[in-house]
Amino acid sequence: MSLLFNSEGYFCEGEVGKNWQFDMKLGRIILTNHQLLLIKKTNISLTEIGTSVDKFNEGFKIPLLKINKVSQIKKGKIFVVEVETTDAYLFSITMADYKNSGKTKSIELTELINGGILKSF
């Protein structure tokens, strides 16, 4: 399994609303030649004082063979990659943050997923 894409970003199941920062989960977006992984990031407290570490929890595993359609769209000020699966689930992904709209990474991810889908057939 080879790594094609790895970035921190936001994702959710379904479409993105206006308050995307609150609707979406922060995590890691990982694309391999077999699947798209959306892994949630959480902060856990190690002591009562409030020391925390970042922990990554399993989110969604989407095999490339189960992806029906991938498109990049602009929602308000951010760019979103929408992934539709063959069983009619929709996932929204963005690498936007307070500094940029996520356009470059959204284009890259869309192209890599589409290329991965073609190679998996």
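Let me sum up the structure you'll find in this document. (Residues numbered from 1 in each chain as written. Predicted model: local features only at pLDDT ≥ 70, side-chain atom pairs only at ≥ 80, totals over all residues. Heavy atoms only, no water.)

## Things to note about the pairing of strand β5 (residues 67-75)
Our working definition: Any two strands with at least two DSSP-identified bridges between them are counted as paired. Helix and strand assignments follow DSSP, with helices taken as H or I runs no shorter than four residues and strands as E runs no shorter than two, numbered in order from the N terminus.
Of the pairings in the sheet, the one linking β5 to strand β6 (residues 78-85) comprises 8 bridges and is antiparallel in character. Of the residues in β6, the one forming a bridge with I67 is T85. The antiparallel pairing of β5 with β6 creates a hairpin that spans 2 residues between the two strands, and G76 there sits at a positive phi of about 65°.

## Re the side chain of T110
Selection criterion: Relative accessibility under 20% of the residue-type maximum defines a buried residue, over 50% an exposed one, and the middle range a partly exposed one, all with a 1.4 Å probe and only protein chains included. By definition, residues are in contact when any of their heavy atoms lie within 4.5 Å.
Relative to the helices and strands, T110 is located in helix α2 (residues 103-120). According to the relative accessible area criterion, T110 is buried, its value standing at 10%. Among all residues touching T110, those that are not within four sequence positions of it are V70, S71, Q72 and V81.

## Overview of the packing of aromatic side chains
The line we're drawing: Two aromatic rings from Phe, Tyr or Trp, using only the six-membered ring of Trp, form a pair when their centres are within 6.5 Å; if the ring planes differ by under 30 degrees the pair is stacked, by over 60 it is edge-to-face, and anything between is tilted.
Per the stated rule, a full pass over the model turns up 3 aromatic pairs. The interplanar angle of 80° and the centroid separation of 6.2 Å between the aromatic rings of F11 and F60 together place this pair among those described as edge-to-face. Highlighted residues: F11 in strand β1 (residues 3-13) and F60 in strand β4 (residues 52-63), separated in sequence by 49 residues. Residue F11 is classed as buried on the basis of its relative accessible area of 0%. Three or more aromatic residues joined by ring pairs make a cluster, and in this case those are F11, F60 and F91.

## Considerations on the nonpolar core
Here is the rule we go by: We call a set of buried Ala, Val, Leu, Ile, Met, Phe, Trp, Tyr and Cys residues a nonpolar core when their side-chain atoms join them within 4.5 Å.
With 18 residues, the main nonpolar core has I29, L36, I93, L109 and I113 as its most contacted residues. Contributing elements (two or more residues each) for this core: β1, β2 (25-32), β3 (35-45), β5, β6, β7 (90-94) and α2. The element that contributes the greatest number of residues to this core is α2, accounting for 3 residues. Beyond its immediate sequence surroundings of up to four residues, L109 is in contact with F5, I29, L31, V81, I93 and M95. Core analysis: the second largest hydrophobic core is formed by 7 residues, C12, V16, I78 and V80 among them.

## Remarks on the pattern of salt bridges
Note the following rule: Definition used for salt bridges: Asp or Glu carboxyl oxygen within 4 Å of a side-chain nitrogen of Lys or Arg.
In this structure the tally under the stated criterion is 3 salt bridges. Among the salt bridges present, the one from R28 reaches E8, with a minimum N-O distance of 3.8 Å. With a gap of 20 residues between them, R28 in strand β2 and E8 in strand β1 connect regions that are remote in the sequence. Classification of E8 as partly exposed rests on a relative accessible area of 35%. Here E15 ties to K75 by a salt bridge, and the two come within 3.2 Å at their closest N and O atoms. Of the two residues, E15 sits in the loop between β1 and α1 (20-23) while K75 sits in strand β5, which places them 60 residues apart along the sequence. The class of K75 is partly exposed, set by a relative accessible area of 26%. One continuous salt-bridge network, built from bridges that share partners, spans E8, R28 and K41.

None of the figures reported here should be taken as evidence of function without further support.
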